[in-house]
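Here is what each chain is made of, one letter per residue.
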Amino acid sequence: MTSESAIDDTQYPQRTAIGLSFGNSYSSIAHTADGKTEVIANEEGDRQIPSILSYVSGEEFQGTQAKAQIVRNPRNTIAYFRDLLGKEFKDVDPSPCHASAHPVESSEGKGVAFVVQEKEVAEDGEEGEKSTLTVAEVTTRHLRKLKESASDYLGKDVNAAVITVPSDFTDAQKSTLSESASKAGIELLQFITEPISALLAYDAKQQLTDSGSSAPQDKIVLVADLGGTRSDVAVIASRGGIYTTLATAHDYELGGSSLDKILIEHAAKEFQKKNKSASDPRKNERSLAKLTLEAEAVKKALSLGATASFSIESLGDGIDFNLTVNRSRFELLGNKVLMSFTRLIESAVQKADLDILDVDEILLSGGTSHTPKIASNLQSHFPESAVVIAPATSATAINPSELAARGAAIQASLISGFEVEEIGASTEAVVTVTPHLTHAIGLVTGEEGFAVIVPAETPAPVRRTAQIVVKAGGDVLVRLAEGVREISVRTEDKATTNGNAKKDADEDEDEDDDSDDEPEEVREKVWKAGKVLAEAGIRGVKKGGKVEVQVNVAADLSVTVVCREVGGKGGVRGTVPAGKAEQNGNAS
Amino acid sequence: MATIQLSATLPSLPTDWTAEKDFKSISRVTQPTARSLEPVGPHFLAHARRKRHHRTFSEDERIQAESSVKKTEDEDAGEISEDEDPVMLQREAKDWKHQDHYAVMGLSKYRWRATEEQIKRAHRKKVLRHHPDKKAASGKEEGDQFFKCIQRANDILMDPVKRRQFDSVDEGAEKEPPAKKDVSKKPGNFYKLWGPVFEAEGRFSKRQPVPQLGNDKSTREEVEQFYNFWFDFDSWRSFEYLDEEVPDDSADRAQLRHQERKNNNARKKRKVEDTTRLRQLVESVMAQDDRIRKFKQEASKQKNAKKNEREAAEKAAKEEAQRKKEEDERLAKEKAEAEKATKEEGKKAKEAAKNAAKKNKRTIRGAVKEAGYFVDGNAGPKEIDAALNDVDALIAKMENEELGVVASKLQGNSDKAAIKGVFQEQVTSLVAAGKVKEGELKSLS
């Protein structure tokens, strides 16, 4: 009967899935439809929605409105709660919440909660009953608001999402977040880590722009997620579009707020200099909150323009405060902090046992990536071969604040058609744990040269095809070998660097100081052929003909090689058997 | 994966190099590092698919290619297969009012269910086949009549308003109500034969979805909902399509208006007829519906059962009341009788006592005489009188029982002294009881 079929329809409702980037300071939502990803603005028109909830006389505020309440109503305003999720009270660092509601112990230390005046204060001024909200509950409310915003924007009820989490999110934190999401009416399709999500969004954009090549390049990408209160870096090997995280580095103190602090210090000193009698605004909670909000705004303005100004009414003792800061002053003041971003990123490269020369791309994600100096520092620190993708260095870069949400939305659109069990089955260790090649596989060319066909850290099974021109023609030897990457260091005159330096006259003045005295060290990546795996002979290649080599590494690491002349008949086919002792790690 | 172009040169084959089939395996790949892939992105999904189904690259590519090919084929199949009626191909285009547009488009099995996309594709196919230019090329002199039919059908079916008008009178979509005898042949036939009729009628409903006839297992609510819906059917069916048209050349407004009025009336009439037809149809179905009978029986059974129960209860209550009443009456009667008996008995006893008392008194008086009026020798009248008065006073003071006791003592006693003794004893006891004063009864003391 029709009524029954109607019930059936409700049992399998159409999934409307969004990508959700749930950050400690900001959240954003994105949706992919017809291959286009869009970041959704909430009712207030914000695409970066502060992850803050505030309770004012019985009303709940979220986002920008809630953030404004930090000044007037700090104790009933909950901020920076994402990182508290699923943690025990003793493991929690409450310092980011200093200016807002303080976390308290709940359920005998097993959880963290906030005590806020949620209900309206009674008319007679008597303090109403305060309610204790666990972090999970706060998260549910926050997610519900985000869901409502997305539903309003799309005109459809959003009921599923892919949520991004930091790469060090524990299983307990994930399960708590998952519960909170389901309470908010969101079916959690998958958790993906923030750096991977950012990379996915970037690669998807790249694919659209150079739509000619269907398959993505093999590359090592360094994704730096520089957030409001913390920074996470991941070194990711992208092989044929499959991502493997090689190493991660975290700094829980370094973030946008560290930069804000510099501006706060600076402004506070200036304020006291101008008003000798005034008290220190940093000592007064309310003044500090005002200053913090304004510092963040100034920092953002400085990422776009060369100057920005503080303008705070009644900062302290009823005195208004105005101060103009220019970018170079900010960069000078914040040099130490800005350099620590570079150091953190470099430490991740070392953790992955790589050299900075191995890094092909550096993708900056997260709000703090807007700061131009961070990008330019990286650009000068890393070799020229590494491309820094940030708004300051690349005009086509996607807004770093939106990367994570976009990636999640893409992933959501990819998997929203699947059953939950199917998604679960695909993300199980059986499927994800894969043997990765320790060394690159390639051809020995010339005397000692080596040409990479399959780079290191490529998950098996893999299939790659390479073509090589044989100029002279005749019989050729195809020698398949493992390659070893070496870094050769040689000293050279600084003339070459000076030529490069002219391009960016602004930034390299200090660099010149360094390089003037000592000769420039040139570090180069050199491939050396290592262990030879197989040899094949191809006879009678035409002059200027091409030889095609297909390398097929199976999951058990047996290598099948097919060599033939392009356009020619026949070819040579052979298999390098799988090593007996080397079979561990095979999941299939 | 795109082919990698390497720019380096390959070494030439050493002259002394030989190998079986020109291939030599030398050493094995170094032990790999087990790492976890990030389960993200389209390429990972492909990887997961390969790994879970244990496919190689080429197998997976083949299967994916096959499945995508199948999809396009599925889309294409269907509408093409319909045969074209040779009679239909001979149609005159100007007679479009009577043509079956769906049949012309080759969509006669879809009809009102055909989607716009299907119509578009069907039209394209028909155009490709029947375009007059093509016919001319193949040398046939058939004219473009059928092509015009196709274009007309497309015009009507692609216009939602016109399509509705046509659907309203589309005879091809009508389902004849089955004959009664067919329905009664087999028990399941009712649902099998009537179901499609309602499905076809349901297309006119403004309210969708339309409840279906169901089967013999449908619940009472479902069946009731079904009949309620159909008795309260809100139809969008209209009959503009059957309007008689005024020839274009008659520019006479009066005639136009007249025709319009006529058409309007005809529409209204048809609509009323249609509504009545549907109502009658539903009524006749309801009459045939075994479920209604079944539900009625069940309901009446239930009702009867309830009624019986109630009656039995009432009866029982009545009997109980009757019984109680009788019992009460009986008890009352018994009580009355007992009372009466005790009363009579009391009366008798009283009388007996009275008699006894009289007798006793007489005995006592007699005893006085016997005792010679308590005087020695013959008593004078004065003395007799005094003695008798005193004895009478004594008797009046005595109770019946005492009278009895005294009488029994005096009975048969002729000794004067003894009689006097009895009297004196009685007097002293009465004096002790305070009934008689000392010295009151002088003759007896």
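Above this text sits the structure in question.
Just so it is clear, the model here is predicted, and its values are computed rather than measured. (Residues numbered from 1 in each chain as written. Chains lettered and ligands numbered in written order. Predicted model: local features only at pLDDT ≥ 70, side-chain atom pairs only at ≥ 80, totals over all residues. Heavy atoms only, no water.)

**Things to note about the overall build of chain B**
- Scanning chain B from N- to C-terminus turns up 16 helices and 3 strands.
- Burial analysis of chain B (445 residues in total) assigns 31% to the buried set.
- Pairs at least 24 residues apart make up 68% of the contacts formed inside chain B by residues separated by at least 6 positions. (Helix = DSSP H or I, 4+ residues; strand = E, 2+ residues; numbered from the N terminus. Buried < 20%, exposed > 50% of the residue type's maximum accessible area, 1.4 Å probe, protein only. Contact = heavy atoms within 4.5 Å.)

**Some remarks on the overall build of chain A**
- The helix and strand tally for chain A stands at 15 helices and 28 strands.
- When each of the 588 residues of chain A is scored for burial, the buried share is 52%.
- Put simply, of all contacts in chain A between residues at least 6 apart along the chain, 65% involve residues at least 24 apart.
- Here chain A has roughly 26,000 Å² of accessible surface; of this, 48% comes from carbon and sulfur atoms. (Areas by Shrake-Rupley, 256 points an atom, 1.4 Å probe, with all protein chains shown as cover.)

**Remarks on the pattern of salt bridges**
- Scanning all chains against the criterion turns up 44 salt bridges over all chains.
- One salt bridge in this structure joins E265(A) and R282(A), with 2.6 Å as the shortest N-O distance. Here the residue E265(A) occupies a position in helix α6 (residues 256-274), and R282(A) occupies one in the loop between α6 and α7 (285-304), the gap between them amounting to 17 residues.
- Residue R330(B) is joined to E334(B) by a salt bridge in which the shortest nitrogen-to-oxygen separation is 2.8 Å. Linking R330(B) with E334(B), this pair stays in helix α13 (residues 290-370), spanning 4 residues, or about one helical turn.
- According to the relative accessible area criterion, R330(B) is partly exposed, its value standing at 40%.
- Bridged by salt links that share partners, the residues R82(A), D83(A), D168(A), E194(A), R230(A) and D232(A) form one connected network. (Salt bridge = Lys/Arg side-chain N within 4 Å of Asp/Glu carboxyl O.)

**Brief notes about the sheet that holds strand β18 (residues 361-365) of chain A**
All names here are of chain A.
- The strand order across the open sheet formed by 5 strands is β15-β14-β13-β18-β19, and the pairing between neighbours is mixed. Single-partner strands in this sheet number two, and they are β15 (242-251) and β19 (387-389). Ignoring strand direction, the axes of neighbouring strands in this sheet form an average angle of 20°.
- Pairing analysis gives 3 bridges linking β18 to β19, with the strands arranged parallel. In the strand pairing of β19, E361 is matched with V387.
- Contacting β13 (219-226), β18 and β19, helix α10 (residues 372-381) crosses the sheet at an angle of about 165° to β18. (Pairing = 2+ DSSP bridges. Axes fitted to C-alpha atoms, helices over the stretch in contact; angles between N-to-C directions.)

**Side note on the pairing of strand β23 (residues 462-470) of chain A**
- When you tally the buried positions in β23(A), you get 8 out of 9 residues, the bulk of the element.
- As judged from the 9 bridges shared by β23(A) and strand β26 (residues 545-553) of chain A, these two strands associate in the antiparallel manner. Bridging across to β26(A), I468(A) finds its partner in V547(A).
- As paired elements, β23(A) and strand β1 (residues 4-6) of chain B share 3 bridges and run parallel to each other. From the neighbouring strand, Q467(A) faces β1(B), where its bridge partner is Q5(B).

**Some details on the interface of chain B and chain A**
- Across the boundary between the two partners, chain B contributes 56 residues, which contact 91 residues of chain A.
- Buried area between chain B and chain A, summed over both chains or domains, comes out near 6,600 Å², and the portion from carbon and sulfur atoms is 60%.
- Considering only the side of chain B, the residues that lose the most area to chain A are L10(B), V29(B) and R35(B), jointly responsible for 12% of the buried surface there.
- Summed over the shared surface of chain B and chain A, the result is 1 salt bridge.
- When the shortest N-O distance is used, the salt bridge between R35(B) and E457(A) registers 2.7 Å.
- Run the count over chain B and chain A and you get 9 residue pairs in polar contact (both at pLDDT 80 or more).
- Counting residues per element, the ones that place at least two in the side of chain B that touches chain A are β1, β2 (23-25), β3 (33-36), α1 (42-52) and α2 (57-76) of chain B.
- The leading source of residues in the side of chain B that touches chain A is α1(B), at 9 residues. (Buried area = accessible area lost by both parts, 1.4 Å probe. Polar contact = N/O pair within 3.5 Å; in protein donor to acceptor, adjacent residues only side chain to side chain.)

**Focus: the nonpolar core**
Residue and element names in this part refer to chain A.
- In this structure, L222, F310, I362, L364 and F382 are the most contacted members of the largest nonpolar core, which totals 50 residues.
- With near-sequence residues (within four places) excluded, I362 lies in contact with L222, L378, F382, A386, V387, V388 and I389.
- In terms of nonpolar packing, the next biggest core, distinct from the first, is built from 35 residues, I78, L84, V116 and L146 among them. (Core = buried A, V, L, I, M, F, W, Y, C linked by side-chain atoms within 4.5 Å.)

**A closer look at the sheet that holds strand β5 (residues 53-56) of chain A**
Residues and elements named next belong to chain A.
- Here we have 3 strands laid out as an open sheet, ordered β6-β5-β7, and antiparallel in their pairing. What marks the edges here is a single partner per strand, and that holds for β6 (59-62) and β7 (77-78).
- Alignment of β5 against β6, held across 4 bridges, turns out to be antiparallel. Within β6, the residue paired with Y55 across the bridge is E60.
- This element, helix α2 (residues 64-72), spans β5, β6 and β7 of the sheet and lies at about 105° to β6.

**Some words on the packing of helix α9 (residues 335-351) of chain A against α10(A)**
All names here are of chain A.
- Relative orientation of the contacting elements α9 and α10 amounts to 50°, with a least axis distance of 9 Å. By the angle class used here, α9 and α10 are oblique. α10 is crossed by α9, and the crossing has right-handed handedness. The residues of α10 that touch α9, namely those facing L338, M339, F341, T342, I345 and E346, are K373, I374, N377, L378 and H381. (Parallel < 35°, antiparallel > 145°, perpendicular 65-115°, else oblique. Left-handed = near helix turned anticlockwise from the far one by under 90°.)

**Observations regarding the pairing of strand β11 (residues 160-165) of chain A**
Residues and elements named next belong to chain A.
- For β11, the tally of buried residues reaches 6 of 6 residues, placing the bulk of the element in the interior.
- Side chains A160, V162 and T164 project from β11 onto one buried face, and the interleaved A161, I163 and V165 project onto a second face that is buried too.
- The sheet contact formed by strand β1 (residues 17-22) and β11 spans 5 bridges and is parallel. Paired with L20 across the strands is I163, a residue of β11.
- Examined bridge by bridge, β11 and strand β12 (residues 187-193) share 6 bridges and lie parallel to one another.

**Overview of the environment of T396(A)**
- Structurally, T396(A) can be placed in the loop between β19 and α11 (400-415).
- Linking T396(A) and K205(A), residues 191 residues apart in sequence, is a C-alpha distance of 9.6 Å.

**Quick word on α11(A)**
- Between its first and last C-alpha, α11(A) extends 24 Å over 16 residues, near the 22 Å set by a 1.5 Å rise per residue.
- Of all 16 residues making up α11(A), 14 are buried, and the element is well covered by its neighbours. (Expected span 1.5 Å × (residues − 1).)

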